[in-house]
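# Reading the structure
Below are the chains, spelled out letter by letter.
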Amino acid sequence: MRIQEGEIWGVILAAGDGTRLAAVTVDASGRTVPKQYCALAGASTLLEQTVTRLSAIVPRQRILCVVAEAHRRHWQEGVAGLPTENIVVQPENRGTATGLLLPLLEIARRDPMARVIVSPADHFVADERRLTLALLEALSAIEGPEDRLLLLGIAPDAPVGD
């Protein structure tokens, strides 16, 4: 499939180690499981929910997912619907900047005029429809090749402790 320039792409950041919630995100044997590989509500993991969320806006051929090699047993099933060449495997988690740079370089190689949605894989979204509409509205604000950055945020409803 040939990809035209200026398409919408998605990047999923899923290489984090999940250290802040390590005490509560454990498997049956007591090993820590990074939050993005847990199912907090329903049967789907947060990673699987993120893939589904972006797939409502972006074809899976244009979704890249950054994962860490150390978590392979956790992410393999969650990214099964994405093309193999769209899975960016880091030898280890090297932080958000590296996790974002690698897929952006690959997207720039494939589609220099791409518009990109970046989504962490460890966020729970209660109202998927509302978020999808917000993402579509943000994308409509990006019309041309000018450099633009749009950041969507959600007002917190409670403080978050470390």
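Preceding block: the structure.
Sequence order as written defines residue numbering, which begins from 1 separately in each chain. In view of the model being predicted, local features appear only for residues whose pLDDT reaches at least 70, and side-chain atom pairs are presented and counted only at 80 or more, with totals across whole chains, interfaces and linings using the full set of residues. Heavy atoms throughout the structure, all of them, feed into the side-chain values; hydrogens and water do not.

Moving on to the sheet that holds strand S4 (residues 115–120). Taken in spatial order, the four strands make up an open sheet running S3-S2-S1-S4, and their pairing is parallel. In the strand order of this sheet, the two ends are held by strand S3 (87–90) and S4, each with one partner. Each neighbouring strand pair of the sheet contributes to a mean axis angle of 20°, computed without reference to strand direction. Seen against the sheet, helix H1 (residues 46–55) touches strand S1 (8–13), strand S2 (63–68) and S4 and runs at an angle of roughly 170° to S1. A pair of strands is treated as paired once DSSP finds two or more bridges between them. Secondary structure counts use DSSP, requiring at least four H or I residues in a row for a helix and at least two E residues in a row for a strand, with both numbered from the N terminus. In this analysis an axis means a line fitted to C-alpha atoms, helices contributing only their contacting stretch, and an angle means the value between N-to-C directions, from 0 to 180 degrees. Pairs of residues are marked as contacts when any of their non-hydrogen atoms sit within 4.5 Å.

What follows concerns a nonpolar patch on the surface. A contiguous nonpolar surface patch, about 180 Å² in accessible area, is contributed by Leu104, Val116 and Val118. Mapped onto the elements, valine 118 comes out in strand S4. Two joining distances apply to patches: 9 Å for like charges and 5 Å for nonpolar side chains (Val, Leu, Ile, Met, Phe, Trp, Tyr), and every residue must have over 30% relative accessible area and no salt bridge. For every accessible area listed, the method is Shrake-Rupley and the probe measures 1.4 Å; residues are considered covered only by the protein chains on display. A pair is scored as a salt bridge if a Lys or Arg side-chain nitrogen falls within 4 Å of a carboxyl oxygen belonging to Asp or Glu.

Time to look at the side chain of histidine 74. When you line up the elements, histidine 74 lands in helix H2 (residues 72–75). The definition of a polar contact used here is a pair of N or O atoms within 3.5 Å, where within protein one atom must be able to donate a hydrogen and the other to accept one, and adjacent residues in sequence count solely through side-chain atom pairs. Within the structure, the side chain of histidine 74 is placed 3.5 Å from the side chain of arginine 73, a separation counted as a polar contact. Ignoring sequence-local partners within four residues, the contact set of histidine 74 consists of Thr32, Val33, Pro34 and Tyr37.

Turning our eyes to something else, we now look at helix H4 (residues 128–140). Taking 1.5 Å of rise per residue, the 13 residues of H4 would be expected to cover 18 Å, and the 18 Å separating its terminal C-alpha atoms lies within 8% of that figure. Here's how the labels work: a residue is buried when its accessible area is under 20% of the maximum for its type, exposed when over 50%, partly exposed in between, all with a 1.4 Å probe on protein chains only. Those residues of H4 not exposed but buried are Thr132, Leu135, Ala138 and Leu139. Buried residues of H4 fall within an arc of 125° about the axis and therefore sit on the same side. Opposite the buried face of H4, by more than 90 degrees, sit the exposed residues Arg129, Arg130 and Glu137. Residues of H4 that are buried make contact with S1 and S4. Helix span, as expected, comes to 1.5 Å for every residue beyond the first. The directions from the helix axis to the C-beta atoms form the arc being described.

Most of H1 sits out of view: seven of its 10 residues are buried. For H1, the full list of buried residues reads Leu46, Leu47, Gln49, Thr50, Val51, Arg53 and Leu54. The inward-facing, buried residues of H1 abut S1, S2, H2, S4 and H4.

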